[in-house]
Amino acid sequence: MKRFFLGFCCSLFLFSCTNESENFDWLVGDWERVNGEEGFETFEIWKKKDQYYSGLGYTLLKEDTIFKEELQLFEENGQWILKVKGQNEAPTPFILTELNPEFFVAENDTNEFPKKIIYKIENDSLKANVSTSEFDVNFEFVKIQK
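Quick look at the structure, then. Source: prediction; values computed, not measured. (Residues numbered from 1 in each chain as written. Predicted model: local features only at pLDDT ≥ 70, side-chain atom pairs only at ≥ 80, totals over all residues. Heavy atoms only, no water.)

Moving on: the overall build of the protein. When its secondary structure is counted, the protein shows one helix and ten strands. Scanning the protein from its N terminus toward the C terminus, one meets helices and strands in the order α-β-β-β-β-β-β-β-β-β-β. A total of 146 residues make up the protein; the buried ones form 36% of that total. Only carbon and sulfur atoms are counted for the fraction: they give 50% of the accessible area of the protein, which is about 9500 Å². (Helix = DSSP H or I, 4+ residues; strand = E, 2+ residues; numbered from the N terminus. Buried < 20%, exposed > 50% of the residue type's maximum accessible area, 1.4 Å probe, protein only. Areas by Shrake-Rupley, 256 points an atom, 1.4 Å probe, with all protein chains shown as cover.)

This is how it looks when you write it as structure tokens:
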């Protein structure tokens, strides 16, 4: 019953959003992390494809890829989903529980880490936070000028 109520509330919230708040074009581009540990280089590349957004996140240590994940942001049955593939055997879906033109919050309480992912655009920076109630990691990216 709890899940039904939560799903109903999330759906109600998402249906009340305007199309403007469902535009994630601010994610699109090549981004480099500026607040990572020394020696590590972390990047995210976001593209818009038809009705969804695709992302690739990866971290290099020297020239070796030590972390890689694929991201998809899409609408399904009136609900926005951020799907993360790479850390677990199966892709992990996060339901967008909050969104506006400058940020979104995606959650999956059944995932060990993270349970919550926040993306936001702030000035010329892309900021992300991945967290549980006990632990969080902040990411700050700047757009790579080509």
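Moving on from the model shown.
A complete count under the given rule lists ten aromatic pairs for this structure. Clustering of aromatic rings is evident, with ring pairs tying together Phe24, Trp26, Trp46, Tyr53, Trp80, Phe104 and Tyr119. (Phe/Tyr/Trp six-rings, centres within 6.5 Å; stacked < 30°, edge-to-face > 60°.)

On to the layout of surface pockets. Here the largest pocket defines a volume of roughly 600 Å³. Lining the largest pocket are 29 residues, and of these Phe67, Glu69, Gln87, Val130 and Phe139 sit closest to its centre. Going through the elements one at a time, strand E2 (40-49), strand E3 (52-61), strand E4 (64-76), strand E5 (79-85), strand E6 (92-100), strand E8 (116-122), strand E9 (125-131) and strand E10 (136-143) are the ones with two or more residues in the lining of the largest pocket. Split by residue class, the lining of the largest pocket holds 16 nonpolar, eight polar and five charged. (1 Å grid on protein atoms, 1.4 Å probe; cavity = no way out; pocket = protein on both sides within 12 Å on 5 of 7 lines; lining within 4 Å. Points joined across faces, edges and corners; volume = space filled by probe spheres on them. Nonpolar A, V, L, I, M, F, W, Y, C, P; charged D, E, K, R; others polar.)

Now for the pattern of salt bridges. Under the criterion given, the structure shown has three salt bridges. Among the ionic pairs, lysine 120 bridges to glutamate 122, the shortest N-O distance being 3.6 Å. Each member of the salt-bridge network shares a partner with another, and the members are Lys120, Glu122 and Lys127. (Salt bridge = Lys/Arg side-chain N within 4 Å of Asp/Glu carboxyl O.)

Turning our attention to the side chain of arginine 33. Along the chain, the position of arginine 33 falls in strand E1 (residues 29-33). A distance of 2.8 Å separates a polar atom in the side chain of arginine 33 from a polar atom in the side chain of asparagine 35. Contact partners of arginine 33, with chain neighbours within four places excluded, come to Thr42, Val137, Asn138, Phe139, Glu140 and Phe141. (Polar contact = N/O pair within 3.5 Å; in protein donor to acceptor, adjacent residues only side chain to side chain. Contact = heavy atoms within 4.5 Å.)

Turning next to the sheet that holds E3. Spatially, the ten strands close up into a barrel ordered E1-E2-E3-E4-E5-E6-E7-E8-E9-E10, and their pairing is antiparallel. Sheet twist, expressed as the average angle between the axes of neighbouring strands with direction ignored, equals 25°. When E1 meets E10, the two strands line up antiparallel, connected through three bridges. Within the sheet, the bridge partner assigned to arginine 33 lies in E10 and is phenylalanine 141. (Pairing = 2+ DSSP bridges. Axes fitted to C-alpha atoms, helices over the stretch in contact; angles between N-to-C directions.)

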